[in-house]
Amino acid sequence: MAICETAQAAPYRPASADVVLETLPAGTATLRTLRQNQIVASSGKSVELDEAMLIARRYIELGQTQSDPRYYGYAEAALQPWWSQPGPAGLRVMRARILQFRHQFLAALAELEPALQTDQFNGDAWLLFAVIEQVQGNVSAARVACLKVIPIAVPLVGSTCVASVGAMSGKSEKSAALLQSALQQATAAPASTRIWAWTTLGEIQARRGLNNEAEAAFKQALAITPDDVYALAAYSDLLLQTQRATEVISLLATHRQADALLLRLAIAAMLSHDAEAGALRDALAQRFTEARERGDEAHLREQARFTLELDHDAATALTLAQKNWKVQHEAADAELLLAAALAAQQPQAAQPVLDWLKSTGIEDVRAAELVKRLDVGVKP
Amino acid sequence: MRFLLHRFGLLLIVASALLFGANAQAHKPSDSYLSLHAESGQNDLQGQWDIALRDLDLVLTLDTNADNSITWGELSPREKEIETYVFAYLQISADEVACPITPTELLVDTHSDGTYAVLKFSAHCVAPPKSLSVHYGLLFDLDPSHRGLLNLSAGAITQSAVFAPDQAEIKFDLAASSLWRQLLQYIVEGIWHIWLGFDHILFLISLLLPAVLIRERGRWIAAPRLGAAVGHVIGVVTAFTVAHSLTLSLAVLGVISLPSRLVESLIAFSVVLAALNNVWPLVTRRAWLIAFFFGLIHGFGFASALNDLGLPKQALALSLFGFNVGVEIGQLAIVSVVVPLAFLLRRTGFYRRGVLVAGSLLIALVALGWLIERVFNISLYAQI
């Protein structure tokens, strides 16, 4: 798969009629049917909310499987007449899902709170709530939401939710054990749920420094779906941390579409002096430029890591990591800010992370290592 | 169990997709790239609009044979239809009068996320636009996350803007923005001129070096307080500024003109005099008089530099003002570095002998070289 060749290329007239200009994505046939339904639905007097929600749901499903933001836009368009109306819980959850996808976390929570007041057994709402609170580092709020998920959902969902929050509050070992036993019992759970659980287990083990156990878990996840973006990214991070960059290159060779994966691939290529390193770096820079031009701020974590590890611009990386820390508080965000503060020789900038690490009690060998180096750097 | 599945229908399809949000995007969101170019004094705008083939396919089904790929043979026969569709969503007007759009050509280009149709067009306005209003509505009804990224160039000035459903109309003031840019440009030129014009810098430094000292009965003594030194500095800088602003303006406006070789020679001479005055002091209490008198000469020098930049007739006063502001900024930067250093070192023998005497002699020597070069029109420092 060729990396993007862009910008400089001048507009041209293709040489002949059979030049293939664009290959449409896999979801196109479904998309056409949906569009047709939408047109039929809106040709009558007015579309019913139920009908619109059904169409929007299908768009979101497509967006999830294709990792394509356009479908979330189509879902929003389908819900347009009700977009700023209060509406039933199901509608609010759908809007929250779209907002969360765009990293508009506060707006998403503002949809979920009233949804949960009217429908306190809405599993989607609780799970989404838990995920957003966890991303923002609000461990206790996330735990409460996970406990609400348990009685409503299939057991593996509740266990994964509880374990991932538990690992953020000093209960890594217990959380890992919980996940392992839940996974053993839930062989019949949906594939997507099992991937999520295995990946979460792998991340917990990696943070505990149990690299072999982590690798085994990531491999389990990828055995179910080899191209799961989240599992690939987490596994790549483990490989990068254990000086196995060349393995990342072969792992991600055919998976460079997602920004998160292109970033890991570019770092691996740089570390192993791959001939493609420069081109990968430029492709990634181009994506960040395009995102910035359209006013997108959903890539702060990736951009900070790019600036730190590929551009070695510690000062800018620190600013980006600090900006990211205002929006997201996960272990990866904490590690990033610590590393940037260390590289920029500004240990005081790491203070918010040190406070957070202390208050959550999270176990994370990589963060601990960075904290130690920051300490050593400060004392003499 | 059915009940539960129904309630989890949405989110658990790809649970891990939840955790990554926008970062797992295998594609970027939908954007179109619109560029407009206005040439000063011309009625017509030239434009180019790049729209993703995927987006056009959504509304016009370009993939007619349904094989999931779009060929040039499928695209090019649809040119008229595409133009009719997209240009219904773009309105341009100049000074409140619509500029009708004429599509000229359909090409293609590759962006980071795929192939785009490139629609070239021109927009015909009744007069050269002073302000432009652009209304953009493409795809907003189908995908509210679509954005139109506009790049507008008018002469040497480019502006950019992003169209969104809540910002479908954007107005650009071509005249005002160009004036502001012009002002900034001349300020920068002014700063550069004083920093690169070593003769001006050395003149100023020669006048500032004794400011931290007081001459009493044929000897230098350290100025007791910073206040005294600052008073001296303010006197010198103000006199220099008033004088050169005066002649700069008069020369640029064409009221007085002096031959540039004479001006340049006099400037070199002023540096020699100012520097020698530190070694064998004649004028000590009224240094501002030297600053004022020779400041008049330096003003002519600034004027010829400004003339070399090419002065826009319609913005003469603006560029004059901007250039002068730039010169003052550059000058203040020098003062704010030299004066505090001199004040700190003023009691040392190094400052009295090394900096004030030897330094001034060196300055005088360099300036004497310039004087000879300029008077006799020869080159002593050819390689510098």
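Residues numbered from 1 in each chain as written. Chains lettered and ligands numbered in written order. Predicted model: local features only at pLDDT ≥ 70, side-chain atom pairs only at ≥ 80, totals over all residues. Heavy atoms only, no water.

## Considerations on the overall build of chain A
Consideration 1: Counting secondary structure elements, chain A contains 20 helices and one strand.
Consideration 2: Counting only residues that meet the buried cut, chain A has 55% of its 380 residues in that class.
Consideration 3: Across chain A, contacts joining residues at least 24 apart in sequence account for 55% of those joining residues at least 6 apart.
Consideration 4: For chain A, the exposed area adds up to about 16600 Å²; of that, 53% sits on carbon and sulfur atoms. (Helix = DSSP H or I, 4+ residues; strand = E, 2+ residues; numbered from the N terminus. Buried < 20%, exposed > 50% of the residue type's maximum accessible area, 1.4 Å probe, protein only. Contact = heavy atoms within 4.5 Å. Areas by Shrake-Rupley, 256 points an atom, 1.4 Å probe, with all protein chains shown as cover.)

## So, the pairing of strand β4 (residues 90-94) of chain B
All names here are of chain B.
Consideration 1: Along β4, four of the five residues are buried, which leaves the element largely enclosed by surrounding structure.
Consideration 2: Strand direction decides the pairing type here: β4 and strand β5 (residues 97-98), joined by two bridges, are antiparallel. The partner of Ser-93 across the bridge, within β5, is Ala-98. (Pairing = 2+ DSSP bridges.)

## Section: the UniProt feature "transmembrane region" (unreviewed entry) in chain B
All names here are of chain B.
Consideration 1: Those residues carrying the UniProt feature "transmembrane region" (unreviewed entry) are residues 192-214, 226-256, 262-280, 287-306, 318-343 and 355-372 in this numbering.
Consideration 2: From the first C-alpha to the last, residues 192-214 spans 33 Å; its make-up is 70% helix and 9% strand.
Consideration 3: Annotated as residues 318-343, this span is 100% helix and 0% strand, and its ends, taken at the C-alpha atoms, are 37 Å apart. (UniProt positions renumbered as here; feature names shortened; annotations may be inferred.)

## Regarding the packing of aromatic side chains
All names here are of chain B.
Consideration 1: The final tally for this structure, using the stated rule, is 17 aromatic pairs over all chains.
Consideration 2: Within the aromatic cluster, the residues linked to one another by ring pairs are Trp-49, Phe-87, Phe-121, Tyr-136, Phe-140 and Phe-163.
Consideration 3: The ring of Phe-343 has Arg-346 lying over it, and the distance from NZ or CZ to the ring centre is 3.7 Å. (Phe/Tyr/Trp six-rings, centres within 6.5 Å; stacked < 30°, edge-to-face > 60°. Lys NZ or Arg CZ within 6 Å of the ring centre and 35° of its normal.)

## Considerations on the interface of chain A and chain B
Consideration 1: Every contact between the two is made by 78 residues of chain A and, on the other side, 67 residues of chain B.
Consideration 2: For the pair chain A and chain B, the summed buried surface comes to about 6800 Å²; carbon and sulfur atoms form 58% of the total.
Consideration 3: Our enumeration of links across chain A and chain B arrives at five salt bridges.
Consideration 4: Taken together, the connections running from chain A to chain B amount to 15 residue pairs in polar contact (both at pLDDT 80 or more).
Consideration 5: Taken together, the three bridges between strand β1 (residues 20-23) of chain A and strand β3 (residues 69-71) of chain B define a ladder with antiparallel strand orientation. The residue bridging Glu-22 of chain A from the neighbouring strand is Ile-70 of chain B, located in β3 of chain B. (Buried area = accessible area lost by both parts, 1.4 Å probe. Salt bridge = Lys/Arg side-chain N within 4 Å of Asp/Glu carboxyl O. Polar contact = N/O pair within 3.5 Å; in protein donor to acceptor, adjacent residues only side chain to side chain.)

## Side note on empty space enclosed by the protein
Residue and element names in this part refer to chain B.
Consideration 1: Enumeration according to the criterion identifies four cavities of 30 Å³ or more in this entry.
Consideration 2: Estimated volume of the largest cavity: approximately 80 Å³.
Consideration 3: As for the largest cavity, its lining consists of Ser-206, Leu-207, Pro-210, Trp-220, His-232, Asn-277, Asn-278, Pro-281, Val-283, Thr-284, Ala-287 and Ile-290.
Consideration 4: Those elements giving two or more residues to the lining of the largest cavity turn out to be α7 (198-208), α9 (260-279) and α10 (287-308).
Consideration 5: Here the residues of the lining of the largest cavity are counted per class, giving seven nonpolar, five polar and no charged. (1 Å grid on protein atoms, 1.4 Å probe; cavity = no way out; pocket = protein on both sides within 12 Å on 5 of 7 lines; lining within 4 Å. Points joined across faces, edges and corners; volume = space filled by probe spheres on them. Nonpolar A, V, L, I, M, F, W, Y, C, P; charged D, E, K, R; others polar.)

## Considering the pattern of salt bridges
A pair can form between side chains of opposite charge whenever their charged atoms are brought close.
Residue and element names in this part refer to chain A.
Consideration 1: The tally for this structure, following the rule as stated, stands at 29 salt bridges over all chains.
Consideration 2: Notably, a salt bridge pairs Arg-244 with Glu-215, separated by 2.9 Å at the nearest N-O pair. Here Arg-244, found in the loop between α12 (229-241) and α13 (245-252), pairs with Glu-215, found in helix α11 (residues 211-224); they are 29 residues apart in sequence, far enough to count as distant.
Consideration 3: Judged by its relative accessible area of 11%, Glu-215 falls in the buried class.
Consideration 4: A salt bridge links Glu-247 to Arg-244, with the shortest nitrogen-to-oxygen separation between them at 2.9 Å.
Consideration 5: The exposure class assigned to Glu-247 is partly exposed, which follows from its relative accessible area of 32%.

## Observations concerning the nonpolar core
Consideration 1: Counting 69 residues, the largest nonpolar core has Tyr-59 of chain A together with Trp-49, Leu-75, Val-86, Leu-90, Ile-92 and Phe-172 of chain B as the members making the most contacts within it.
Consideration 2: With eight residues, the single largest contributor to this core is helix α2 (residues 49-66) of chain A.
Consideration 3: Filtering out sequence-adjacent residues up to four positions away, Ile-92 of chain B remains in contact with Leu-36, Leu-45, Ala-98, Cys-99, Ile-101, Phe-121, Ala-123, Leu-132 and Ser-133 of chain B.
Consideration 4: Core analysis: the next-biggest nonpolar cluster, separate from the first, contains 58 residues, Ala-96, Leu-338, Ala-367 and Leu-370 of chain A among them. (Core = buried A, V, L, I, M, F, W, Y, C linked by side-chain atoms within 4.5 Å.)

## With respect to α9 of chain B
Consideration 1: Between its first and last C-alpha, α9 of chain B extends 29 Å over 20 residues, near the 28 Å set by a 1.5 Å rise per residue.
Consideration 2: Buried within α9 of chain B we find Val-263, Ser-265, Ile-267, Ala-268, Ser-270, Val-271, Val-272, Ala-274, Ala-275, Asn-277, Asn-278 and Val-279 of chain B. (Expected span 1.5 Å × (residues − 1).)

## Thoughts on the pairing of strand β12 (residues 213-216) of chain B
Residues and elements named next belong to chain B.
Consideration 1: As judged from the four bridges shared by β12 and strand β13 (residues 219-222), these two strands associate in the antiparallel manner. When the bridges of β13 are listed, Arg-215 appears paired with Trp-220.
Consideration 2: The antiparallel hairpin formed by β12 and β13 contains two residues in its connecting segment, where Arg-217 sits at a positive phi of about 45 degrees.

## Observations regarding the state of the cysteines
Residue and element names in this part refer to chain B.
Consideration 1: Across all of its chains, the model carries two disulfides over all chains by this definition.
Consideration 2: Note that Cys-99 is cross-linked by a disulfide to Cys-125, the S-S spacing being 2.2 Å. Since a negative S-S torsion denotes a left-handed disulfide, the Cys-99-Cys-125 link at about 110 degrees is right-handed. Pair noted here: Cys-99 is in the loop between β5 and β6 (101-111) and Cys-125 is in the loop between β7 (114-124) and β8 (131-136), with a separation of 26 residues, a long-range link. Accessibility classification places Cys-99 together with Cys-125 in one group, the buried group. (Disulfide = S-S within 2.5 Å.)

## Things to note about the environment of Asp-67 of chain B
Residues and elements named next belong to chain B.
Consideration 1: Locating Asp-67 in the fold gives a position in the loop between α3 (53-60) and β3.
Consideration 2: Given a relative accessible area of 42%, Asp-67 falls into the partly exposed group.
Consideration 3: Here Ser-69 takes part through its backbone nitrogen, which lies 3.1 Å from a polar atom of the side chain of Asp-67.

## Structural notes on unusual backbone geometry
Consideration 1: Even without being a glycine, His-312 of chain A presents a positive backbone phi close to 50 degrees.
Consideration 2: Inspection of the secondary structure assignment puts His-312 of chain A in the loop between α16 (300-310) and α17 (314-327).
Consideration 3: Of the residues examined, His-312 of chain A reaches a relative accessible area of 56% and is grouped as exposed.
Consideration 4: The phi dihedral of Asp-95 of chain B falls on the positive side, at around 50 degrees, and the residue is not glycine.
Consideration 5: By the element assignment, Asp-95 of chain B lies in the loop between β4 and β5.
Consideration 6: The exposure class assigned to Asp-95 of chain B is partly exposed, which follows from its relative accessible area of 30%.

## Observations regarding the sheet that holds strand β2 (residues 44-52) of chain B
Residues and elements named next belong to chain B.
Consideration 1: Spatially, the six strands line up as an open sheet ordered β6-β7-β2-β1-β9-β10, and their pairing is mixed. Edge strands, defined here as strands with exactly one partner in the open sheet, are β6 and β10 (157-163). For this sheet, the mean angle separating the axes of adjacent strands, direction not counted, is 15 degrees.
Consideration 2: One ladder, built from ten bridges, connects β6 with β7; its direction is antiparallel. Bridging across to β7, Pro-103 finds its partner in Phe-121.
Consideration 3: In the packing of α3 onto the sheet, contacts are made with β2 and β7, and the angle to β2 comes to roughly 80 degrees. (Axes fitted to C-alpha atoms, helices over the stretch in contact; angles between N-to-C directions.)

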